[in-house]
Structure formats: structure tokens, C-alpha cells
Amino acid sequence: MHGISPLLSRSLLWRGPHVWTRFLDEQRAHTRARHGRIQELLQSIDQKARETGVAATALKGAALHQIGLYEAGDRPMADVDLLVRPADVERSAGMLSSLGFKQTAETWKERVFTPVGDSAAADLGEHASNSLKIELHERICERLPRYLTDVSELIFPAQPRPGLNSYPSNGSLMRHLLLHAAGTMAFQALRILQLHDIALLSRRMTAADWNEIAGPNSPAPLWWAYPPLELTSRYYWASVPARVLAALKSDCPYILRALGTHKSLVEVSYSYLWIKAFPGIEWSQSLLEMLDYALSRVRPDATHLALRENQAASQVWAKQGDWSGMSQARRIARWLSSRQTRPVTIHAVRAALARAL
């Protein structure tokens, strides 16, 4: 659920029962084998992109491995994330099709491509035989909580070449990690692995890199960056300069600073057990946005309802229990009359218990 089983297998001092240590060791082995498959896929994408003249950036996990922050087997990757220019989206989709992938979903954030012979060997954690997905992005953005915050122009290289490109700088990579963490914190979907990524990268950051986040080289105030960086500093020995935290804190809106930066890891992650009516409302930047977001939660639009239907039909966690298939009216009635557990959290707990038994 938090993506850290492979890391725990070689760093956790508490050994625990045999079934626990065996699971961690298996997760590391699966992650290492899966890493090899991902590297082969990235090489194929790079070659095909060069042939077709498409410039792309391999995001997050692939980039962190490329700069040596992780060894093979350390960090699980559920999919390969690619960023391309909007003008290259259709050519990129054709390129992925030629590699044996088909588009199976599309959201406001990305297009999802899965292998033609898609398969899943495990419900819990990593498995070397699980299919590799590719998520194709034409922009880097998050909903916080209602409106999009977009940092695409600061992530894509200024002069990209055909094939796979790196982030322009460590500062650019950090900006993406912080925005992604902010987007997941707002909807209680943060994973410990995301904080681990930020903590490791912070130790590589130079003064010039930090200036891209909070300094004279920063193109705009990052009002959303303080909560994830503050949370990382709370749980990790992250090398974050005090001046950076102070600058980001001053840019952070008062309500978010007051309500969003005192929560525990559990409260902003998949570990939180209960469904909330208005998760992340403190990330709104105005009273009008708060009201708009609250209304969207009570009366979701057609796009949101279609996304729910897609999840109910395609996600294993959504198929367990009746919540995912409920109408909005029944959901409201259920929430008002009882405490509803989050299907994605319960799915992980059930899968773990089933394995133990």
C-alpha cells in the first residue's frame, strides 16, 4: 500500500515472524525482476521515439533510478510515466501501439496504455509477472483540490531531442515530486515511498537547485510545496535548508498552513480508513473555490461519474463491496448513516490477511 516493502527487506531492524520476512524478501526479488523488464521497455521506447522523432521525458521512478538514487530492487514502479508535448500525443500513442500496447483509459491527467495481452499475477504488492502499464502525459498537473495546478513547462527540457530526455535539473525533478505528493496528500492517497523519494533527492540538491524551488530562480511561488516538504522533514532526516522551508511556508495560504501541515502521515495517506465528505478542502485558495469544490463533491459532474464507472469495472479494489457501484444519492445516505471505509484501504488489508492465513 505504501510501496516500501522492498526497502524494508534490507533496512528494517525488526525481523518479525517468518511469513513477514519472507514476504519482504519476495517483494524485493519481484521488484528487482520487474525493474529489469522496465529497463528493457524504456530502451525500446527510447529507440522507437528516436525513429519517429518524438521527444519524451521519463518521469519520477525512472528518473530517480537514472540518477542513481535507487538500486535495482529498491523501488517498485507500477507503471512507466512519459511526458510529451501536446503536439506529439497522437504520434506517441501510435508509437506505443507499435510496441504492443493499447489505450485502455483516459483521464484529465493521462492516457493509460496496457499490453495487448494484459495480465495480473498478484493483488498484493509487486509481482514480476504483472503487466507493465504506460501512462502518457501531455502536461504535469494536479487537482488542488478542484482546479488544476500545472508545472509542465518547468518539467520538459527547453531543447529536447528525439528519444527519452532527462529532467532539466534536480530542482525540476523535485518540483514534480512535491506537486505529485501535494496532489495525493489532498485526497489521502500519499505513499511513504513518495516521501522517501523527496528525502533522497533533497540530499542531492545544490543551492542552485533549491533556488528553483524557493529563491530568485523560482519562476512563481509554490504555494502547494510546503506541506509535502514539511511532512518529509518531519519523518525523515531530509537535508532541506531552513531558508527553503521558511520561504515556502510564507507562500503557503493561511488555511492550508493551519489545517494541512499538522496532519500525521496516516491522515493524508492510504492508511486513513474512512471516507471523508470533502477531503482536501483546505487546499482551496479562496472561499469561492471551497464552495465550488464542496458542490462538486455533492453533485459530481458527468466526467467524474464516468471515471467512477471505469474504476468500478476495471480496478480490483473497487469490485470488492458495494460502495463503488452505488449511486450518488445512496452514497450520501450511507455516509450520513454510518462510517464508510475506503475500498482501496480495505482491499490491501484483506489481501494481506488472506496471504497470512
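Every chain is numbered independently, its residues counted from 1 as its sequence is written. In keeping with the predicted nature of the model, local features appear solely for residues at pLDDT of at least 70, side-chain atom pairs appear and are counted solely at 80 or more, and the whole-chain, interface and lining totals rest on all residues. To get the side-chain values, take all heavy atoms of the structure and skip hydrogens and water.

1. Notes on the overall build of the protein chain
Consideration 1: Secondary structure summary: the protein chain contains 14 helices and eight strands in total.
Consideration 2: Taking 2.2 N^0.38 as the reference for a compact globule, 357 residues should give roughly 21 Å; the C-alpha atoms of the protein chain span a radius of gyration of 20 Å, in line with that estimate.
Consideration 3: Principal axes of the C-alpha set define a box for the protein chain whose edges measure 55 × 50 × 45 Å.
Consideration 4: Each residue is placed in one exposure class: buried if its accessible area under a 1.4 Å probe, protein chains only, is under 20% of its type's maximum, exposed if it is over 50%, and partly exposed if it falls in between. In the protein chain, buried positions account for 49% of the 357 residues.
Consideration 5: In what follows, a contact means two residues having at least one pair of non-hydrogen atoms within 4.5 Å. When contacts within the protein chain are restricted to residue pairs at least 6 apart in sequence, long-range pairs at least 24 apart make up 71% of them. Numbering goes from the N terminus for both helices and strands, where a helix is a DSSP run of H or I of at least four residues and a strand is a run of E of at least two. Atoms considered for the radius of gyration are the C-alpha atoms alone. The globule rule reads 2.2 Å times the number of residues to the power 0.38.

2. Some thoughts on the pattern of salt bridges
Consideration 1: Put simply, a salt bridge is a Lys or Arg side-chain nitrogen that is within 4 Å of an Asp or Glu carboxyl oxygen. Under the definition given, this model contains 16 salt bridges.
Consideration 2: Here Asp74 and Arg10 are joined by a salt bridge, their closest N and O atoms 3.0 Å apart. Of this pair, Asp74 sits in the loop between α3 (61–66) and β2 (79–84) while Arg10 sits in helix α1 (residues 5–11), placing them 64 residues apart in sequence.
Consideration 3: Connected via shared salt-bridge partners are Arg10, Arg28, Glu71 and Asp74.

3. Some points on the sheet that holds β2
Consideration 1: Only strands joined by at least two bridges in the DSSP assignment are considered to pair. The strand order across the open sheet formed by six strands is β3-β4-β5-β2-β1-β8, and the pairing between neighbours is mixed. Bordering the open sheet on either side are β3 (101–106) and β8 (163–165), each of which pairs with just one other strand. Here the average twist between neighbouring strands, direction ignored, is 35°.
Consideration 2: Of the strand pairs in this sheet, strand β1 (residues 55–58) and β2 are connected by three bridges, and their pairing is antiparallel. Paired with Thr57 across the strands is Leu83, a residue of β2.
Consideration 3: Relative to β8, helix α2 (residues 18–52) is tilted by about 115°, and along the sheet it contacts β1, β2, β3, β5 (133–137) and β8. A fitted line through C-alpha atoms serves as each axis, taken over the contacting stretch for helices, and the angle formed by two N-to-C directions is quoted from 0 to 180°.

4. Some words on the packing of aromatic side chains
Consideration 1: Working definition: rings of Phe, Tyr and Trp (its six-membered ring) pair if their centres are within 6.5 Å, and the pair is stacked with planes under 30 degrees apart, edge-to-face with planes over 60 apart, and tilted otherwise. Under the criterion given, the structure shown has three aromatic pairs.
Consideration 2: Ring centres of Trp14 and Trp20 lie 6.1 Å apart, and the angle between their planes is 45°; this geometry places the pair in the tilted category.
Consideration 3: Its relative accessible area of 54% is what places Trp14 among the exposed residues.
Consideration 4: A relative accessible area of 28% means that Trp20 is categorised as partly exposed.

5. Section: the packing of α2 against helix α4 (residues 89–98)
A pair of packed helices can be characterised by two numbers: the angle between their axes and the separation between those axes.
Consideration 1: Across the interface, α2 lies against α4 with an axial gap of 10 Å and an inter-helix angle of 130°. Considering their axes alone, α2 and α4 lie oblique with respect to each other. By crossing handedness, the relation of α2 to α4 is classed as right-handed. Side by side, α2 and α4 meet where Ile45, Lys48, Ala49 and Thr52 of the first sit next to Arg91, Met95 and Ser98 of the second. Any angle between 65 and 115 degrees counts as roughly perpendicular, while under 35 counts as roughly parallel, over 145 as roughly antiparallel, and the rest as oblique. Working rule for handedness: look at the near helix, and if it is turned counterclockwise from the far one by less than a right angle, call the crossing left-handed; if clockwise, right-handed.

6. Thoughts on the pairing of β5
Consideration 1: Counting buried positions along β5 gives four out of five residues, so the element sits mostly inside the fold.
Consideration 2: Relative to β5, β2 runs parallel, the two being bridged by five bridges. Bridge pairing in β5 places Asp81 opposite Glu135.
Consideration 3: As defined by bridge partners, strand β4 (residues 111–115) adjoins β5 across three bridges and the pair is classed as antiparallel. Within the sheet, the bridge partner assigned to Arg111 lies in β5 and is Leu136.

7. Some remarks on the pairing of β2
Consideration 1: Judged by how many residues are buried, β2 sits mostly within the fold: six of six residues are covered.
Consideration 2: Where burial is concerned, the two faces of β2 agree: the one with Asp79, Asp81 and Leu83 and the one with Val80, Leu82 and Val84 are both buried.

8. A closer look at the environment of Arg308
Consideration 1: Relative to the helices and strands, Arg308 resides in helix α12 (residues 302–314).
Consideration 2: Take Arg308: its relative accessible area is 15%, and that puts it in the buried class.
Consideration 3: C-alpha of Arg308 to C-alpha of Met326: the two residues are 18 residues apart in sequence and 9.8 Å apart in space.
Consideration 4: Excluding anything up to four places from it in sequence, Arg308 contacts Pro300, Gln328 and Arg331.

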